[in-house]
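Summary of the model geometry
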Amino acid sequence: MSQFIQKQGLHPTFLTCTKSLYSSLYSSNKLNPTVFSFVIKPQACKILQTKPLNHLQDSTFFHSNSSQGLAWAFAALQPPPSKVCGSPGGPLITGPRIKLRDGRHLAYKEHGVPKETAKYKVIYAHSFGSCRYDAAVAPLETLEELGAYVVSFDRPGYGESDPDPERTIKTTALDMEELADQLGLGPKFYVMGFSMGGHSVWGCLKYIPNQLAGVALVAPVVNYWWPGFPANLSTEGYNLQLPQDQWALRVAHYAPWLVYWWNTQKWFPCNSVIAEKPKMSPPDLKVASRSAEHASKIQKLKEYAIKQGVYESLHRDMMVGFGKWDFDPMDIKNPFLNGEGSVHLWHGVEDWVVPVILQRYVAQRLPWIQYHEVPNVGHLLIHDRAVKEDIWKTFLTREKQQMVHS
């Protein structure tokens with residue numbers, strides 16, 4: 001067995017670490033014990049039908065070469081340092097940034113009409129693996145028609161915004177507040193978040209509600225461990241995910257120290273979005289096919305988004321988004337009791353990334369949210385040009401548009 005482990009490039013400490021991981025995850029009653037052998041021997045279970053080690057063999061095998069093993073394990077689990085923009089040897093800074101109160105920098109991009117003359121001023125939070133150049137921002141002609149100014153920003157660790165190892169849902173909301181203050185957006189502003197960017201918007205609703213003029217959540221990613229979800233419903237939604245994503249989310253929630261290793265090792269599938277093989281519905285595949293002609297540009301933006309490294313961008317997103325939150329969104333109170341603003345949530349019926357059944361429950365628990373369920377579209381609904389225009393116009397004018405998606 002030890003020869004097989006060495007031949008496959010595995011190390012005895014890998015087995016020790018994964019046994020500990022299994023114990024911690026299984027104790028949560030979230031795992032099926034039948035997957036135990038897969039976690040312990042991801043390659044061995046495929047290639048060899050080996051018998052489990054007996055107690056004496058187990059003890060001898062797992063405690064041999066302990067010093068070497070611990071060093072190997074530490075190196076395997078430790079992410080490389082971020083290549084901070086503007087630092088010696090780091091990526092170049094190519095656009096405007098503000099300096100936050102804690103010394104970090106936040107990169108941003110302005111869209112639409114000048115903020116001095118704008119009727120609406122919006123801060124936009126991008127999705128997982130994206131950046132301030134996110135195409136979900138409305139086209140210029142729509143923004144000019146609405147009289148809207150939009151500022152998108154690289155969330156911490158993405159693009160040219162400095163990493164924030166202490167990042168939480170709250171800190172990103174406060175970053176948005178400081179961005180608005182330094183850019184002079186006034187006492188109140190609008191916020192929109194798409195997909196994973198929705199977490200930042202929930203943070204704004206919780207921590208800076210008095211500064212909001214209006215709110216839009218577009219296909220916001222849910223955290224299956226929010227206490228407000230009934231156990232049977234969250235389990236049903238969770239089980240709709242690809243098996244590799246169920247594992248990736250478990251790791252992010254229960255063992256965040258393992259997220260880097262889990263999503264960079266080559267022994268078994270990592271998160272499907274990171275692997276660029278997400279579960280896509282037919283409407284999303286259609287949207288993606290229309291984007292194929294811009295493949296070169298899209299690839300450059302993906303590379304820009306993670307140019308400081310994947311750990312403080314993609315992996316930190318998973319740890320924060322699917323970790324333990326300081327609040328439950330379903331406990332949030334309506335910030336617009338006098339009707340001076342509104343909160344909207346859009347979701348596609350054919351969304352295979354974020355199950356619509358969970359979004360329906362959120363809307364039921366928070367009846368003050370204006371819930372828009374869009375048929376025949378998936379998770380990428382805001383990348384459908386007609387749907388995008390409808391979302392932006394309804395969000396800002398509060399007048400329901402006649403939707404005809406392309």
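As shown above, the structure is provided for reference.
Summarised in this report is the structure supplied together with it. Every value quoted in this text rests on a predicted model; they were computed, and no experiment measured them.

A short note on the overall build of the chain
The secondary structure content of the chain amounts to 17 helices and eight strands. Partitioning the intrachain contacts of the chain with sequence separation of at least 6 by distance along the chain shows that 76% fall at a separation of at least 24. As presented, the chain carries roughly 18700 Å² of accessible surface, and 54% of it is formed by carbon and sulfur atoms.

Description of helix α10 (residues 231–238)
For the α-helix, the turn length of 3.6 residues means that residues three or four positions removed from each other point alike. Turning to α10, its buried residues number three or more, namely L233, S234, G237 and Y238. Buried residues of α10, seen end-on, are gathered within an arc of 135 degrees and therefore sit on one face of the element. Residues of α10 that are exposed and point over 90 degrees away from its buried face: A231 and N232. In this fold, the buried residues of α10 make contact with α11 (243–254) and α16 (356–365).

Looking at the side chain of T142
With respect to the helices and strands, T142 occurs in helix α7 (residues 140–146). Look at T142 and you get buried, because its relative accessible area is 3%. Residues in contact with T142, not counting those within four places in the same chain, are E389 and K393.

Digging into unusual backbone geometry
You will see that A219, though not glycine, has its phi angle at about 45 degrees, which is positive. Assignment of secondary structure puts A219 in the loop between β6 (212–218) and α10. Of the residues examined, A219 reaches a relative accessible area of 0% and is grouped as buried. The phi dihedral of N376 is positive, around 65 degrees, even though this residue is not glycine. Looking at the element boundaries, N376 is found in the loop between β8 (369–374) and α17 (385–397). Under the relative-accessibility criterion, N376 is labelled exposed at 52%.

Quick word on helix α13 (residues 282–290)
Buried within α13 are the following residues: P283, D284 and V287. The arc that holds the buried residues of α13, viewed along the axis, is 100 degrees, so those residues lie on one side.

Regarding the sheet that holds β8
Hydrogen bonds between backbone atoms are what pair the strands of a sheet, whose relative direction is either parallel or antiparallel. Within the open sheet, the eight strands sit side by side as β1-β2-β4-β3-β5-β6-β7-β8. Their pairing is mixed. Pairing within the sheet leaves two strands with one partner each, and these edge strands are β1 (97–99) and β8. When the angles between neighbouring strand axes are averaged without regard to direction, this sheet yields 25 degrees. Across six bridges, strand β3 (residues 120–125) lies against strand β4 (residues 148–153) in parallel orientation. In the sheet register, Y124 faces β4, and the bridge partner there is S152.

A closer look at the nonpolar core
Ranked by size, the top nonpolar core spans 76 residues in total, and within it I123, L179, V191, W202, L212 and F229 carry the most contacts. Apart from residues no more than four positions distant in its own chain, W202 is found in contact with L217, P220, W226, W325, F327, P329, I332, V362, L366 and I369. Counting residues in each nonpolar core, the second largest holds 27 residues, with V122, L143, V218 and I382 among its members.

Remarks on the packing of aromatic side chains
We describe a pair of aromatic rings using the distance from one ring centre to the other and the angle between the two ring planes. One pass over the structure, following the stated rule, counts 19 aromatic pairs. When the centroid spacing of 5.8 Å and the interplanar angle of 20 degrees are considered together, the rings of W226 and F229 count as stacked. Look at W226 and you get buried, because its relative accessible area is 3%. Each residue in the set W202, Y207, W226, F229, W325, F327 and Y361 is aromatic and connected to the rest through ring pairs, giving one cluster.

With respect to the environment of A248
The residue A248 is located in helix α11 in this model. When the C-alpha atoms of A248 and S272 are compared, they prove to be 8.8 Å apart, with 24 residues separating the residues in sequence. Setting aside anything within four residues of it in sequence, one finds A248 in contact with W262, N271 and M318.

Section: the pairing of β8
Of the strand pairs in this sheet, strand β7 (residues 343–348) and β8 are connected by six bridges, and their pairing is parallel. Looking at the pairing, L345 lines up with Y371 of β8. In terms of handedness, the path from β7 via α16 over to β8 forms a crossover that is right-handed.

How each quantity is defined
- Residues numbered from 1 in each chain as written.
- Predicted model: local features only at pLDDT ≥ 70, side-chain atom pairs only at ≥ 80, totals over all residues.
- Heavy atoms only, no water.
- Helix = DSSP H or I, 4+ residues; strand = E, 2+ residues; numbered from the N terminus.
- Contact = heavy atoms within 4.5 Å.
- Areas by Shrake-Rupley, 256 points an atom, 1.4 Å probe, with all protein chains shown as cover.
- Buried < 20%, exposed > 50% of the residue type's maximum accessible area, 1.4 Å probe, protein only.
- Arc of directions from axis to C-beta.
- Pairing = 2+ DSSP bridges.
- Axes fitted to C-alpha atoms, helices over the stretch in contact; angles between N-to-C directions.
- Core = buried A, V, L, I, M, F, W, Y, C linked by side-chain atoms within 4.5 Å.
- Phe/Tyr/Trp six-rings, centres within 6.5 Å; stacked < 30°, edge-to-face > 60°.
- Right-handed = clockwise from strand over helix to strand, strands pointing away.

Any functional reading would require information beyond the geometric quantities listed.
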